[in-house]
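This is what each chain is made of:
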Amino acid sequence: MKKVKGMYVIDDDKIYHFLLKNLFKQNNIEADPKFYGNGLDAIESLKKIAVTDPFPELILLDVNMPIMDGWQFLEEYVKLSRDMGKASTIFMISSSNDEHDLSKARQYSNVVKDYLLKPICKEDLEKIFLAVGVDEDII
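Residues numbered from 1 in each chain as written. Predicted model: local features only at pLDDT ≥ 70, side-chain atom pairs only at ≥ 80, totals over all residues. Heavy atoms only, no water.

S.K.: Hey, could you run me through the overall build of the chain in this one?
M.R.: Looking only at helices and strands, the chain has five helices and seven strands in total. Listing each helix as α and each strand as β along the chain from the N terminus yields β-β-α-β-β-α-β-α-β-α-β-α. In terms of overall dimensions, the chain has a C-alpha envelope of 40 × 35 × 25 Å along the principal axes. Counting over 139 residues, the chain shows a buried share of 46%. For the chain, the accessible surface area stands at approximately 7500 Å², while carbon and sulfur atoms represent 50% of it. Taken as two groups, the 18 positive and 24 negative side-chain charges of the chain have centres that lie 4 Å from each other. (Helix = DSSP H or I, 4+ residues; strand = E, 2+ residues; numbered from the N terminus. Buried < 20%, exposed > 50% of the residue type's maximum accessible area, 1.4 Å probe, protein only. Areas by Shrake-Rupley, 256 points an atom, 1.4 Å probe, with all protein chains shown as cover. Lys, Arg positive; Asp, Glu negative; His and termini not counted. Charge placed at Lys NZ, Arg CZ, Asp CG, Glu CD.)

In structure tokens form, the structure reads like this:
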């Protein structure tokens, strides 16, 4: 079984949360993600843990959300991670295949590992977990 040390899922779609949990279970991935419905809640959480704890190893970030969207989250995250000297592996996962969003994600290539389209599948999980150093094959 593969294990991730800390994971944030920042997405306002509750159905996606449910599907993601099932995908982890089906692929023997031990993950206890913290779910946030918008970027602001996630940033506030990162600010609270930044002093004493490491950042989550992995962040799965949606683009379109209320209150603070994925782009606004990234702007705040970049400042916070630079100030704290901490970093997470971030994958943007969205239903948007708009070229503007894809291009904008490339502008964050120093913090965003990749931009994947929903719904994610087993192959996407393999790419994600290889990026965070879980090198076992996902079965």
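Read on for the rest.
S.K.: Can you help me understand the side chain of Asn38 in this one?
M.R.: Tracing the backbone shows Asn38 in the loop between strand 4 (34–36) and helix 2 (39–49). Looking at Asn38, the relative accessible area reads 6%, which means it is buried. A distance of 2.9 Å separates the side chain of Asn38 from the backbone nitrogen of Asp41, its partner in a polar contact. Contacts of Asn38, omitting those with residues within four sequence positions, involve Ile10, Met65, Pro66, Ile67 and Met68. (Polar contact = N/O pair within 3.5 Å; in protein donor to acceptor, adjacent residues only side chain to side chain. Contact = heavy atoms within 4.5 Å.)

S.K.: Hey, could you run me through the sheet that holds strand 4 in this one?
M.R.: Think of a sheet as strands paired side by side through backbone hydrogen bonds, with each pair either parallel or antiparallel. The strand order across the open sheet formed by five strands is 4-2-5-6-7, and the pairing between neighbours is parallel. Since the sheet does not close on itself, it has two edges, and those belong to strand 4 and strand 7 (112–117), each with one partner. Taking the axes of each pair of neighbouring strands and ignoring which way they run, one obtains an average angle of 20° across the sheet. Where strand 2 (residues 7–10) meets strand 4, three bridges bridge the pair, whose relative direction is parallel. Note on strand 4: the bridge partner recorded for Ile10 is Tyr36. The strands that helix 1 (residues 14–26) touches are strand 2, strand 4, strand 5 (58–61) and strand 6 (89–94); relative to strand 2, the one it contacts most, it runs at about 145°. (Pairing = 2+ DSSP bridges. Axes fitted to C-alpha atoms, helices over the stretch in contact; angles between N-to-C directions.)

S.K.: Just checking my understanding: could you explain the packing of helix 2 against helix 3 (residues 70–84) for this structure?
M.R.: Packed helix pairs are characterised by how far apart their axes lie and by the angle those axes make with each other. Interhelical geometry of helix 2 versus helix 3 gives an angle of 10° and a closest axis separation of 10 Å. With respect to their mutual orientation, helix 2 and helix 3 come out roughly parallel. Facing helix 2, whose interface residues are Gly39, Ala42, Ile43, Leu46 and Lys47, helix 3 presents Phe73, Glu76, Tyr77 and Leu80. (Parallel < 35°, antiparallel > 145°, perpendicular 65-115°, else oblique.)

S.K.: Looking at this structure, I do not really get the pairing of strand 7. What am I missing?
M.R.: Regular strands have side chains that alternate between both faces of the sheet. Sheet analysis places strand 6 next to strand 7, joined by five bridges and oriented parallel. Bridged to Phe91 within strand 7 is Asp114.

S.K.: Looking at this model, I keep getting lost on the nonpolar core. Mind explaining?
M.R.: For soluble globular proteins, nonpolar side chains are generally found buried alongside one another. In terms of nonpolar packing, the biggest core is built from 26 residues, with Ile10, Leu46, Leu61, Phe73, Leu74, Tyr77 and Met92 touching the most fellow members. Put simply, the parts of the chain that give this core at least two residues each are strand 2, helix 2, strand 5, helix 3, strand 6 and strand 7. No other element matches helix 3, which puts five residues into this core. With residues near it in sequence (within four places) discarded, Tyr77 still touches Ile43, Leu46, Phe55, Ile59, Lys86, Ala87, Ser88, Ile90 and Val111. Ranked by size, the runner-up nonpolar core spans 18 residues in total, among them Met7, Tyr16, Leu116 and Val132. (Core = buried A, V, L, I, M, F, W, Y, C linked by side-chain atoms within 4.5 Å.)

Just geometry here; none of it tells us what the structure is for.
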